[in-house]
Every structure is written in structure tokens, then in C-alpha cells.
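One-letter residues, chain by chain:
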Amino acid sequence: MPAVTSPPLARQVPHVHREHGVARADPYSWMRDHESPELLEYLAAERRWYESATGHLSPLVDGLRSEMKNRVPATDLSVSWRHQTRYYYTLLPAGREYTQLLRDFDLPGQSTPGGPGQGELLLDANLLADDSGYLELGLTMVSPDERLLAYSVDRTGDEVYELRFRDLDSGEDLADVVPRSYYSGAWSADSAYFFYTVHDEAYRPFQVWRHAIGSSYDMDVLVLDEPDERFELEVRGTRSGGLVVFWTQSRDTREVWVLDAHDPTATPRSVGGRRPGIEYHAEHVVLPDGTETLLLVTNDGAQEFRLARCPVPRDADQDHTTWQPVRPEDPGERLERVDAFATHVVLSFRADVRHRLRVLPVDALDSAGFVVDPLFESGTVDQTHNEDFTASGVTVVDESYVHPPVWSEVDFATGTRTERHHQEAPGHDPDRYVSETRTFPSPDGTQVPATVVRHRDTPLDGTAPVLMYGYGAYESTDDPAWDPALPSLLDAGVVFVHAHIRGGGEGGRRWWIDGHLEHKQNTFTDHIAVADGLAEAGLVDGSRIGTRGLSAGGLLQGAVLSQRPERWRAVVAEVPFVDAVTTMLDPSIPLTVNEWDEWGDPRRRADFDWMLAWSPYDHLPPAGSRPDLLVTGALHDARVMVHEPAKWTAALRDSDPEWSPRCLFRAETGAGAHAGPSGRYARLDYEAEVYAWLLDSLGVATDARVSNR
């Protein structure tokens, strides 16, 4: 193949959008036809240019890949969890990309449960993979009688999952096949029925169906249908095993229904109706004397949410007048969820940026209980698999950016924390690194927290390059998590900074409110403020700041690139949502209608104006002051259509031809998903590519890199 010496040039076709008297030129609108041979060839040409432009980095990529994979244990084992009479766990065999699901009658030892792979093998995801090179499991749910496994598979990355059922006695799949399903599901108590969600052509889960085991899917029964395109429908079973819970949610409103899991053909009953702006979810509590109630986490009269209770509706719908207060709102804590066990409940909440847990006796829900705090500095703690309703404790997992996960059992009665299992990371020593939380002022005076991670030998004296990461949308919280790739960046002397900007949920519900709709600019301003603060305080080299983000975080990258191009040395915009106004004007595109409450509805003039003010595709940075840029996109991405990064890349290049060779588009034209490649090693291969490009762009000499210090 001849060498590629310049980036591809996309054809321009005159096209103008007109809304509210405003004309917006869009000469690359033709790229919306994803089946167009011209688009497919253009994406292939972009990939060829990317491969050519990064070819000199191959030795560095190989070295990084080797380092990263050396931190991954050959055989990786999960902590076990109890489901009915047995213990379940996953095993990632040596040299394989995907996990196996196993079980044992006895509690497995957490280092080598029954000896690796010695339990009963239920599902080997490696055997489900095909030639596409992509595989993602959606759900894996063992039935209450432990004789069946419901599991779903996506082999293209488009998030359409084929749902199947395996007979665990014979190890064979049943003839039952549901060709289109989404992520959530639930079993009936008798294991005879399975409830699952289906998404429409806009990838909105809008229906729940009931499948009778042993029947054809065309005999399945529609249980609930959500006609409002702003809402998504989900289903789950309760830990008690007594109820199936259904809920529909928009960005700020929710309704919940329940039905008796022992009567799966019954009609679901509403727990509290639907009121605009009111959110709630329900957890089933069965007290020792057999009486039952529902615990609700709701924002009804409580911005940071409160705990309430109500009866279980069985014969008719009920509304919010049946709700009774249990714990009032604490303005300093964002209450996120409640999990019920036979003797205790666990509240998940967020305070001072970090996620925490509070354990309460079921007969003293208004008491102080005790709090489970993160073990690690700038780390996080959360629940993991906890399916046993009668458990005497809860299994929690702690991790940070430099600490691999540690699973512990927290005793309900005493609060004693006992380690059960920890993830191996060969050659990695967490003590070599420092992770701390600092704050930086945004222009409006808001203190923006950031997690700052570095090698102990990397000084914060203004000499080190930095990679920032941000997201800032949907009240989503990207808590610090172990990544075997990150130490390679830290060992190279790069400081990693995760900016917890408004629009996310790290600061509670108010943090989201202050960073969405008409306040969205705060998200971008906060990210820039952290970068400026790092440089102005003399902590890092202000001329070598890189920034990275995916999806809504890719939008963040596009916005800060447009607004402060000179601030950055390198920008990584992964599957970026950058043509915000055009996309949100098209209800046929997945996720448009149900995201009007996040970004705005540009059919309204006020919303149009604030969105247009920051939309990256409509505000390209001035020529001559741009950093290196790496953009990614995937043809089968169902969340950010590939034409968005493709159009943006073409427009950026056309507006600054001299800079255009420094703009790379890593287009995935085969199987591939929104979040990148699947499989543990394939994911590290991808990270090695991104890190090599970043190190090169940040001016980190490859011969000066220090590994495994």
C-alpha cells in the first residue's frame, strides 16, 4: 500500500440549516448517510491517515502495551457472591479476552476458588466471540431455582443484544431466542418467566416484555409501554425476591411500578404516580415479622433527596399521598440509593466529592447508623455483588487511580471490615504514587475539586506535563478507578488530573443543576479554570497541558478547544458530541428527544441560543493557535453518530489547512462500540495507542521515560 502523506480532503456540498432566522452552513451534512459508499471510503481514508501519521510511534506503543499488560494478572478472579444456595464468581483465564462465569456449593477461597476454574463452568464468553473481534455481554442473570441462565450478547457494538437462556443442568442453550433486547431484566419467582426491555429505532428502551421459558419470542407478552419519547423504561428484581420493579425516567422525572414476583402475569401497580420534576425509586423491605414496605429515595421537597416509605401496591395504583417521611434531606449529602437486606439497609450517598455508605438497622432507619468511608486517599467505596437478602454483612469494593480494587465484608452488627479479596497487579506498587484532591476557583467563585495523581518522584514545581480528564454531564459521577494503563503515564513523569466539573454529580444534585441547560457553559469554564489554576499555581508546565474526554466528555474537549485553543498542547476527543444544535433538532437520532432536558430543546429560541453559543461544530477555533488533536469515532456507535466527529474533523481541517496534518481521526469502520474496543487486552492496545500519541504531543522524550521506578 502506498504511503499516505496528507490527510484526506472531504467533499463539500452546499447546505444551510435555518432556525429562528439564523443560517448555519453545513457543507458536510451529506455524511449523515452512514450507508453511503463515499462516507465509508472517507472513514477508511481517515483511518489510513491516522495509521500513517502515528507509524513512527509503533516502538513506543509496543513498549507501553507490554507495560500495561504486565500489570494485568495472567488469571484474573472476581470476588464471589451468594445467590440462593451457591456461590458465583467470574474468572478471566490466562491469555483470554473475556470472562467465564462459574459457581460452587461452598464459599470459594478468594485467591483460588476451588483452584482456578475448578468450579462449575456456566458461561464462557470467549466461546461466544465471532470473527467481528467485538463482544459485549449485556446481562447475565441466574434464575431463582438456579437451573437457568439468562444472558445477552452484542457482537457489533451497536448495543442491540440477542437474549438467550441456558439450561445449567445440561449446559445447553434453549431454543428460546429474543433477537432484540436491551440491558435490564428480571426473573419471576418461579423461574418460569423472564422480563426484558426492548429499545426502539432511536435506541430508547420503551417496552418491557414477558417471556415464558420454553416458548417462541413471538408469543411474548407486552407488560409496559412508554409512549413519551423523553422517557426510558427499565426493569429489575428485588433482593428480597418478592417483587419485580419497573421504572421509567427522563432527566428529571420518574415513575415506578411493582408487581408480585410470585404472580408474574399480574398488572404492575404504580408506587407514586408521575409528577414533573419528581424522581424516586423503590426498594422492597421485608421485616422479620413478615410485614413489608417500600423504601423510597426521592427529591420530592428535597434537592439532595430524602428517604421515605410507602405501602406495597398490589390491587391498585397509588400516588404520593401514601408516602411517609423516614429521613429528611441533608443538604451536605446527596442521597443516591437504598439497598435493603433482612436486618439492615445500606444508603449510598455522596459527600465532599466522594462516594460513601451508611448502614442502618431496619428497625432504626432514622438513626445515625455507621458510615463506611473510602480506604484510600482520593479513592472511593461502593457496593459490589450483594444478592443474598439474608446476609449478615455487605461486600464493598475500594479502589483509587493507583490502588487496584480491594473487596471487603462489612459486618452489619459491628461495622467490622474484613478483606475478602484483592485484585492482583503484578509489579505495581501503589506507594510509588500520590493521589490527592485539590480545588481551583472558577471565575464565578465556585471551588472546583480535582483529583491530582502523580509519581512520587514527579514534583509539582511547574516542570511536569499534565493530562486532564473531564466529563461533566447527566449528574454522572466518574469516581476514581484502578486502570492498569495509567501508571505508564505517571511513570513517564506526566501528572494526571481528573477535574470534577459542574454538570456531573460529584457535588450533588446542585452540581448538575449548575452545569446543564442554560448553565452548561459552567462545565467548560470549570475545566479551563482547573487548567489555568494548575499553571498559575506553578504546579505543572502550563505549556504542556493535554486534555481528554469521551462522548459528553468529548463535547467538553470540543468546547474548550474552541474557547481556549492556546491553553492546550494536546486534545483527545473520543466519540465527541460536537454538532449539538443539529443533532438535538433531529428527533430521529438516538438519544435526541430524551436528552432535551439535559442540553436543551433548540426548537425553542432561548434553548437554541444557549446551545449555539457553545456548540463546537458551530464555533471552530481560530486558525494558527491550535493544539494537536486526536478524534475517535465508530461506525456502529449508537450514542454519538459517526458523522459528528467526521464532520467536525473535516471542518477543522478545512478552516486551517496548515494545521490539518496535526488533526487525526481514528475512525473505527468495523465492529466497535461507543466506549471503544471490547476485551481486556484489546482495550489496553487502544490505551497504548492513545498514550503514545499523548506522550509524543506533550513532548515527553521516549528515551527519557522511566518505567517501573
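Calculation criteria
Residues numbered from 1 in each chain as written. Predicted model: local features only at pLDDT ≥ 70, side-chain atom pairs only at ≥ 80, totals over all residues. Heavy atoms only, no water. Helix = DSSP H or I, 4+ residues; strand = E, 2+ residues; numbered from the N terminus. Rg over C-alpha atoms; globule rule 2.2 N^0.38 Å. Buried < 20%, exposed > 50% of the residue type's maximum accessible area, 1.4 Å probe, protein only. Contact = heavy atoms within 4.5 Å. Areas by Shrake-Rupley, 256 points an atom, 1.4 Å probe, with all protein chains shown as cover. Lys, Arg positive; Asp, Glu negative; His and termini not counted. Charge placed at Lys NZ, Arg CZ, Asp CG, Glu CD. Pairing = 2+ DSSP bridges. Axes fitted to C-alpha atoms, helices over the stretch in contact; angles between N-to-C directions. Salt bridge = Lys/Arg side-chain N within 4 Å of Asp/Glu carboxyl O. Parallel < 35°, antiparallel > 145°, perpendicular 65-115°, else oblique. Left-handed = near helix turned anticlockwise from the far one by under 90°. 1 Å grid on protein atoms, 1.4 Å probe; cavity = no way out; pocket = protein on both sides within 12 Å on 5 of 7 lines; lining within 4 Å. Points joined across faces, edges and corners; volume = space filled by probe spheres on them. Nonpolar A, V, L, I, M, F, W, Y, C, P; charged D, E, K, R; others polar. Expected span 1.5 Å × (residues − 1).

(A) Geometry of the overall build of the protein. The helix and strand tally for the protein stands at eleven helices and 39 strands. In terms of overall dimensions, the protein is globule-like: its C-alpha atoms have a radius of gyration of 25 Å, near the 27 Å expected for 709 residues. Counting only C-alpha atoms, the protein reaches 75 × 60 × 55 Å along its principal axes. Here the protein holds 709 residues, and 59% of them are scored as buried. In the protein, the share of contacts with a sequence separation of at least 24, taken over all contacts with a separation of at least 6, comes to 58%. Accessible surface, the protein as shown: approximately 26,500 Å² in total, 49% of it carbon and sulfur. For the protein, the centre of its 66 positive side-chain charges and the centre of its 114 negative side-chain charges are spaced 3 Å apart.

(B) Quick look at the sheet that holds strand β27 (residues 370-372). If you trace the four strands from one edge of the open sheet to the other, you get β24-β25-β26-β27, paired in antiparallel fashion. With partners counted over all chains shown, the strands left at the sheet margins are β24 (334-340) and β27, one partner each. Between one strand axis and the next, the sheet turns by 25 degrees as a mean value, whatever way the strands run. As paired strands, strand β26 (residues 354-361) and β27 are joined by three bridges and run antiparallel to one another. In the strand pairing of β27, L357 is matched with V372.

(C) Main features of the pattern of salt bridges. Taken as a whole and judged by the stated rule, the model has 61 salt bridges. For the salt bridge of D685 with K69, the shortest nitrogen-to-oxygen distance reads 3.0 Å. Taken together, the residues D685 in helix α11 (residues 680-697) and K69 in helix α2 (residues 58-70) connect sequence positions 616 residues apart. Judged by relative accessible area, K69 falls into the partly exposed class, the value being 26%. Two residues, R626 and D656, come together in a salt bridge whose shortest N-O distance is 3.8 Å. Of this pair, R626 sits in the loop between α9 (605-614) and β38 (628-634) while D656 sits in the loop between α10 (643-655) and β39 (663-668), placing them 30 residues apart in sequence.

(D) Highlighting the sheet that holds strand β36 (residues 545-550). Strand order in this open sheet of eight strands is β32-β33-β35-β34-β36-β37-β38-β39, and the pairing throughout is mixed. The open sheet has two edge strands, β32 (433-441) and β39, and neither has a second partner. Geometrically, the sheet is characterised by an average inter-axis angle of 20 degrees between neighbouring strands, direction not taken into account. Each of β38 and β39 is contacted by helix α1 (residues 37-53), which is oriented at about 120 degrees to β39, the strand it contacts most.

(E) Up close: the packing of helix α5 (residues 521-536) against helix α6 (residues 552-563). For the pair α5 and α6, interaxial distance at closest approach is 10 Å and the crossing angle is 70 degrees. Classified by the angle between their axes, α5 and α6 sit roughly perpendicular to one another. By crossing handedness, the relation of α5 to α6 is classed as right-handed. Contacts between α5 and α6 involve Q521, T523, F524, H527 and I528 from the first element and L555, L556, Q557, A559, V560 and Q563 from the second.

(F) Fine view of the pairing of strand β18 (residues 254-260). The element β18 is extensively covered by neighbouring structure, given that six of its seven residues are classed as buried. Here seven bridges tie strand β17 (residues 243-249) to β18, and the two strands are oriented antiparallel to one another. Bridged to V244 within β18 is L259. Counted along the chain from β17 to the antiparallel partner β18, the turn is four residues long.

(G) Seen up close, unusual backbone geometry. One non-glycine residue, F305, lies in the positive phi region at around 80 degrees. Assignment of secondary structure puts F305 in the loop between β21 (292-298) and β22 (306-310). Its identity is not glycine, yet S378 carries a phi of approximately 55 degrees, on the positive side. By the secondary structure assignment, S378 is in the loop between β27 and β28 (380-383). Residue classification places S378 among the buried positions, given a relative accessible area of 6%.

(H) Expanded view of the layout of surface pockets. Taken as a whole, the second largest pocket spans an internal volume of roughly 290 Å³. Residue lining of the second largest pocket: 17 residues in total, with R82, A391, T395, E409 and R420 positioned closest to the centre. For the lining of the second largest pocket, the secondary structure elements donating two or more residues are β4 (81-83), β29 (393-399) and β30 (406-411). Of the residues belonging to the lining of the second largest pocket, the class tally is five nonpolar, six polar and six charged.

(I) Representation of the packing of α1 against α10 in the model. Put simply, α1 and α10 touch, their axes get as near as 12 Å, and they point 65 degrees apart. Where α1 crosses over α10, the handedness of that crossing is left-handed. When α1 is examined against α10, the residues Y42, L43, E46 and W49 are found in contact with a partner set consisting of A646, T649, A650 and R653. Broken down by class, the residue content of the contact of α1 with α10 amounts to five nonpolar, one polar and two charged.

(J) Here's a closer look at α6. The terminal C-alpha atoms of α6 lie 16 Å apart, and with twelve residues this matches the ideal 16 Å at 1.5 Å per residue to within 8%. Buried residues of α6: A552, G553, G554, L555, L556, Q557, G558, A559, V560, L561 and S562, and no others.

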